[in-house]
Amino acid sequence: MTPYTKTEVLLQAKDLQLSYGNKCILHDINFSIRDIIRPGLQQGQVVSLVGRSGMGKTQLFRILSGLQKPTSGSIIIRERKPAEVSPGSIAVFQERAVRPGDMGVIFQNYYQFGWRTVRQSLLLAARRNKLLEGKEEDTMLQYAEQFDVIDILHRYPSQLSGGQQQRVSIIQQLLKGANFLLLDEPFSGLDVCVLDKVVELLQQVSLSDELKTLIIVSHDIATAVAISDTVFILGRTKGVEGSTLVRSIDLIERGLAWQKDVRREREFEETLEEIKACL
Amino acid sequence: MFKPFEKISKQNFLIMVGLQVFFILLVWQLSPIGLIPQPTHVLSALGQLLGTRLLIDNLLVSLLLTLQAMLYSILITLVFSYLSVIPFFHSVAQFIVKCRYLTLTGLIFIFTLLTKDGSQLKLSLLIFGIVPFFTTSFLAVILRIPAQEYELCQTLGYSRWESLYEVIVIGKADQVFEMVRQNFAIAWMMITMVEGLNMSEGGIGALLIKYNKYNDLPHVIALQAIIFGIGLFFDYLLGLLRHWLFPYTMAHKK
Ligand SMILES: Nc1ncnc2c1ncn2[C@@H]1O[C@H](COP(=O)(O)OP(=O)(O)OP(=O)(O)O)[C@@H](O)[C@H]1O
Ligand SMILES: [Mg+2]
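Not measured: the values here are computed from a predicted model.

Novice: Could you clarify how one ought to interpret the overall build of chain B in this entry?
Specialist: The secondary structure content of chain B amounts to 11 helices and zero strands. Reading chain B from its N end, one meets helices and strands in the order α-α-α-α-α-α-α-α-α-α-α. Overall size of chain B, expressed as C-alpha extent along the three principal axes, is 70 × 55 × 30 Å. Taking all 254 residues of chain B together, the buried fraction comes to 41%. Considering only contacts within chain B whose residues lie at least 6 apart along the sequence, 72% involve residues at least 24 apart.

See below:
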């Protein structure tokens, strides 16, 4: 097995709770995502959040993205301090509560502004990224080439296929430069070939930066597990209203992470069965 | 042709409309209602109107006034609609919307006191009449904006002002044309009324009232036809302009 270490906490969910009126949707959600370091590699993190329909995956997704305030609890992220705040300081990182805009968010329906061409939408995001100053256009074109949307840059969202819309959304959020990338059901509605491409693409993204962290919300357990290093399962505990994390599985320990042909292994099958039993 | 949701080609549609219009004109010509002039009479009145400068002059007066009033109305509407997402101005915008229920006739006296001359009176009355309708339309557009548009802004790290600019000012610019288009009819209707108040400058409304006074029905109907035609023309023009300026309103899956 490849050597690795888990170091600092990149994201921490503390005692998350969400209710609508008297109805409890989520309760007592605690987890953390740590930076994984593998010698010689820029290994990002890929975390899957699985659960049955109606278990509150999308709600948790919205809380993680900062778009929805939890009833109580908080999401703390670690971020690189802006250089001007602490010149010469040793501590380069600071912790703070998540805000909308911190995360790259890819919604389930890949919504884009209907009045902007793909090119404009991508440039809007690139201009938000201070690190890209002066080379927004070039970086955008680079991504467009890599993700195969170069031919559709002049089109409007309503003229794109579902797969194209998804890629545009992903590029847009990558250009924005957030370390975290949240994806709601990225595998739904894709045919097998496109699915493989998306999986490959996400893997590529996860290897592009040490701190890149993908959080994938999905009910396609097999695909999610195949590309993740950690799986969190949302489910019910008996006699309690609302959902919580009933299980978390470290796929690295089981030797199931970062493998191309993981689906052929017996342990992969067993893990899937185990997850299904928890749902 | 009689099946719900059935799609027919543009050409067939035009032929169908042509036949329908022809049929109605035929029924009208042959029906024995004595007081209402027949299409041939209207046509000759129309021909006569088109032959004189009278029509063109009055038409220009009316059109100029309408366009002027529309321009001001659009500006006023946009300012208040954009601001309506700010709570402080929301109430103001709501009040403007409710002003639809004020009738212009009751306000003429006040406006006469407030304005200098007849043309100012007409203009301000028109603007006052149009703005509530424009605002109603545009506020509905703003209310229909799905939360997702704002959420995408948030994920891109936009401030609230930037979101307002992107989603409402830029994103709904094409709807301004739709708003004008939908309410052009109302403006057009008001102009005939307002021009009746101050006949000295003429205008198509003044002309209409004059013909009505002399019971010259063929001319009244001919004028109506012209007003109708101009309305249709502007409707078409605004639609065309919208598609031309905002190509995404035409974008369909290819
Ligand atoms: N605005 C709301 N008010 C009240 N209850 C809500 C609201 N939004 C969602 N819920 C409830 O929260 C629960 C979780 O919904 P959520 O959309 O997160 O499910 P999900 O796990 O994403 O399901 P799916 O896999 O079908 O997308 C559901 O029972 C839903 O009825
Ligand atoms: Mg969902």
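Novice: What exactly am I supposed to notice about the environment of A:Arg78 here?
Specialist: Residue and element names in this part refer to chain A. On the secondary structure map, Arg-78 appears in strand S4 (residues 72-80). Judged by its relative accessible area of 15%, Arg-78 falls in the buried class. Between the C-alpha atom of Arg-78 and that of Arg-96, which follows or precedes it by 18 residues, the distance is 6.6 Å.

Novice: What is the right way to read the interface of chain B and chain A from this model?
Specialist: Quite often, the size of an interface is put as the accessible area lost when its parts meet. The interface is formed by 22 residues belonging to chain B together with 24 residues belonging to chain A. With both sides pooled, the region where chain B packs onto chain A buries about 2200 Å², and carbon together with sulfur makes up 58% of that total. Between the two partners, chain B and chain A, sit three salt bridges. The residue B:Glu166 makes a salt bridge to A:Arg116 at a minimum N-O spacing of 2.8 Å. Applying the counting criterion to the chain B and chain A interface returns nine residue pairs in polar contact (both at pLDDT 80 or more). Every element with two or more residues in the side of chain B that touches chain A is listed here: helix H7 (147-155) and helix H8 (160-170) of chain B. For the side of chain B that touches chain A, the element with the highest residue contribution is H7(B), accounting for seven residues. Of the residues contributing to the side of chain B that touches chain A, the split by class is nine nonpolar, six polar and seven charged.

Novice: When you look at the pairing of strand S1 (residues 5-20) of chain A in this model, what are you seeing that I'm missing?
Specialist: A regular strand places its side chains on the two faces of the sheet in alternate fashion. All names here are of chain A. When S1 meets strand S2 (residues 23-37), the two strands line up antiparallel, connected through 10 bridges. What sits directly across from Ser-19, in S2, is Cys-24. Where S1 meets S4, five bridges bridge the pair, whose relative direction is antiparallel. Bridge pairing links Lys-14 to Ser-74 in S4.

About the criteria used
- Residues numbered from 1 in each chain as written.
- Chains lettered and ligands numbered in written order.
- Predicted model: local features only at pLDDT ≥ 70, side-chain atom pairs only at ≥ 80, totals over all residues.
- Heavy atoms only, no water.
- Helix = DSSP H or I, 4+ residues; strand = E, 2+ residues; numbered from the N terminus.
- Buried < 20%, exposed > 50% of the residue type's maximum accessible area, 1.4 Å probe, protein only.
- Contact = heavy atoms within 4.5 Å.
- Buried area = accessible area lost by both parts, 1.4 Å probe.
- Salt bridge = Lys/Arg side-chain N within 4 Å of Asp/Glu carboxyl O.
- Polar contact = N/O pair within 3.5 Å; in protein donor to acceptor, adjacent residues only side chain to side chain.
- Nonpolar A, V, L, I, M, F, W, Y, C, P; charged D, E, K, R; others polar.
- Pairing = 2+ DSSP bridges.

Remember, this is a structural readout, not a statement about activity or role.
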